[in-house]
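Results of the structural survey
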Amino acid sequence: MQLDAPAREQTKMQPEQSDVGGLLDEALRVLTATPGVTGGLVATSDGLPLAVRLRPDHDRDGLAAAAASVGRLVSKAIAELGRGDFQLAALDTDRLRLIIAPLSLGYLLAVAEADANLGVIAAELANAAKAAERAAAAISGDDLTEPETELTALGGRL
Amino acid sequence: MTPGESPAVTGRQAFCRLPRWPTREEQLAQVELTGHIEPRIGALRRELRRNPASLCFAELADLVRREGNLVEAAALCARGLLQHPGYATGRVVMGEIFRDQQLESKAEEEWREALRMDPNHPRARLRLGELYLHRGDVPRARAALAAALHVNPGLAEAEDLLATIEHQEAESAPRDQMLRRLTEPSTRTSPPVQKLLAAVGACSSVEGALLVNSDGLPVAGSLTAAANAEAGAAMAAQVVREARRVIAPLGAGRLRMALLRGSEGSVRCLVVEDGTLIVALKRDVPIGAADAELQELLAARRARERADQDAA
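This is a predicted model, so every value here is computed, not measured.

1. Details of the overall build of chain B
Counting secondary structure elements, chain B contains 14 helices and 5 strands. Per-residue burial for chain B yields a buried fraction of 37% across its 312 residues.

Following this line, the structure appears as structure tokens:
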């Protein structure tokens, strides 16, 4: 079968992409080891799940879509309010706490228990975001020595 | 009014004037602008002849509509929908044909049907937004257009219409009224919420607080010195509405509050009975300290309410 140019490139990229999946999965593994965190995922800006580490009773597609749709609005709201760049959004419900952070490739979401410590989770989310940005750099071929996220010092401020 | 000056148009009248349906001349002018569509129509006709079950009927009907041939467009679309009754885009195109034929209620029916099939269809939401605006129902128009933009952030038509709404609103609302709304508790809020607003505003960790009603309109309080603070508060309230919408099917329970953290400060969004309370936190105050202060305030309020109920 003759492949056109983009298809050939895609085929060639497959091993790299699986590495990227491994990097994202490792980032989520560390994040979900944080006390109180019950799950995590990386979603594209369109709301598609890229990497997922959730309990079976969690709706992965629903959570990925939620992270993207809320994340987009938060980004606009924070800019309008003169609060700088979007760093983090936390949604507190009766049963759980959803924490969303922006990534260059979409959004990172942590699902936590309702009474989980936000400061601790934010710090781990910052680390996971760094790792996810390294994975994003692997996809784009960029050499990112410093991640684009501004979450680094966030844990200390919460 | 001096000669040549337009009569003042305010409120509902102004919105009714915005998105009138295109006239025949405008439709023809659009065809001139899109002169390249003829070859595409030819290609689609050939495709439909080759494969009568093709979904390309919707695009073909749309292009034929744009050329002004509404009867043929309606026939093409109706025939296609007979074979594909669940094709949401086909329904949207059918609605646009009805709209051009000035059959407003039939157009609305089609767009609603399209949304029933595909709740995230941006063009269906856009068309419904236009329709509501045409009828002067600004809150519904705003919601539909915002939803269209939410699904497809690049939808320029929806962006333009929302910008026009905001422009018209700013022009039609007298400035002193707007200032009063920002500095005084509104009579549209219940006394307990007015008290809460004042108490939250007085917290040492709070820069400002503003109540946004269920229509997404700021109604009382003042937030920050940021130029777009009011628009930002409305958008923060939209975050809460969107979060409630997406969280509900996930079985996560009721949304109680949200924190929006930026590189230059944070905003707390609290769900209250009259809408959403947007609280701008002082930049140098840790979130934990601000939260503790707010929680203490809310707990005291709840305790007072319980005591009042018991007394009653």
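Read on for the rest.
2. Focus on the overall build of chain A
When helices and strands are counted, chain A shows 4 helices and 5 strands. Along its sequence from the N terminus, chain A presents helices and strands in the succession α-β-β-α-β-β-β-α-α. Counting over 158 residues, chain A shows a buried share of 48%. Summarising the internal contacts of chain A: among those between residues at least 6 apart in sequence, 53% fall at separations of at least 24.

3. Re the packing of helix α2 (residues 60-80) of chain A against helix α13 (residues 229-247) of chain B
Between α2(A) and α13(B), the least distance of the axes is 8 Å, while the angle of their chain directions is 170 degrees. The angle between α2(A) and α13(B) falls in the class roughly antiparallel. Contacts from A:Ala65, A:Ala66, A:Ser69, A:Val70, A:Leu73, A:Val74, A:Lys76, A:Ala77 and A:Glu80 of α2(A) reach α13(B) at B:Ala231, B:Gly232, B:Met235, B:Ala236, B:Gln238, B:Val239, B:Glu242, B:Ala243, B:Val246 and B:Ile247. Among the residues forming the contact of α2(A) with α13(B), the class breakdown is 13 nonpolar, 3 polar and 3 charged.

4. Observations regarding the packing of helix α4 (residues 57-66) of chain B against helix α5 (residues 70-83) of chain B
Residue and element names in this part refer to chain B. The interhelical angle for the contact between α4 and α5, taken along N-to-C directions, is 170 degrees, at an axis separation of 8 Å. With respect to α5, the element α4 is oriented roughly antiparallel. When α4 is examined against α5, the residues Phe-57, Ala-58, Leu-60, Ala-61, Val-64 and Arg-65 are found in contact with a partner set consisting of Leu-70, Glu-72, Ala-73, Leu-76, Cys-77, Arg-79 and Gly-80. For the contact of α4 with α5, the per-class residue count stands at 9 nonpolar, 1 polar and 3 charged.

5. Comments concerning the interface of chain B and chain A
Every contact between the two is made by 38 residues of chain B and, on the other side, 34 residues of chain A. Going through the elements one at a time, α13, β3 (255-262), β4 (265-272) and α14 (287-311) of chain B are the ones with two or more residues in the side of chain B that touches chain A. No other element matches the 11 residues that α13(B) contributes to the side of chain B that touches chain A. Broken down by class, the residue content of the side of chain B that touches chain A amounts to 22 nonpolar, 11 polar and 5 charged. Pairing geometry for strand β3 (residues 86-93) of chain A and β3(B), over 7 bridges, is antiparallel. What sits directly across from A:Ala90, in β3(B), is B:Leu259.

6. Let's talk about unusual backbone geometry
Where the residue is not glycine, phi is negative for most of them; where a peptide bond is considered, it is trans in most cases. Here B:Gln102, not a glycine, exhibits a phi torsion of approximately 65 degrees, which is positive. The residue B:Gln102 is located in the loop between α6 (88-100) and α7 (104-117) in this model.

7. Examining α6(B)
Residues and elements named next belong to chain B. Between its first and last C-alpha atoms α6 spans 19 Å; for 13 residues at 1.5 Å apiece the expected length is 18 Å, and the two agree. Counting buried residues along α6, 11 of its 13 residues qualify, which places the element largely inside the surrounding structure. Of the positions making up α6, those classed as buried are Ala-88, Gly-90, Arg-91, Val-92, Val-93, Met-94, Gly-95, Glu-96, Ile-97, Phe-98 and Arg-99. Where α6 is buried, its residues meet α4, α5, α7 and α8 (122-135). Note on α6: the residue one or two positions beyond its end, Gln-102, has a positive phi of about 65 degrees.

Rules used throughout
- Residues numbered from 1 in each chain as written.
- Chains lettered and ligands numbered in written order.
- Predicted model: local features only at pLDDT ≥ 70, side-chain atom pairs only at ≥ 80, totals over all residues.
- Helix = DSSP H or I, 4+ residues; strand = E, 2+ residues; numbered from the N terminus.
- Buried ≥ 20, exposed ≤ 12 C-beta atoms within 10 Å, placed from the backbone.
- Contact = placed C-beta atoms within 7 Å.
- Axes fitted to C-alpha atoms, helices over the stretch in contact; angles between N-to-C directions.
- Parallel < 35°, antiparallel > 145°, perpendicular 65-115°, else oblique.
- Nonpolar A, V, L, I, M, F, W, Y, C, P; charged D, E, K, R; others polar.
- Pairing = 2+ DSSP bridges.
- Expected span 1.5 Å × (residues − 1).

Without other data, these values stay purely geometric and don't point to any function.
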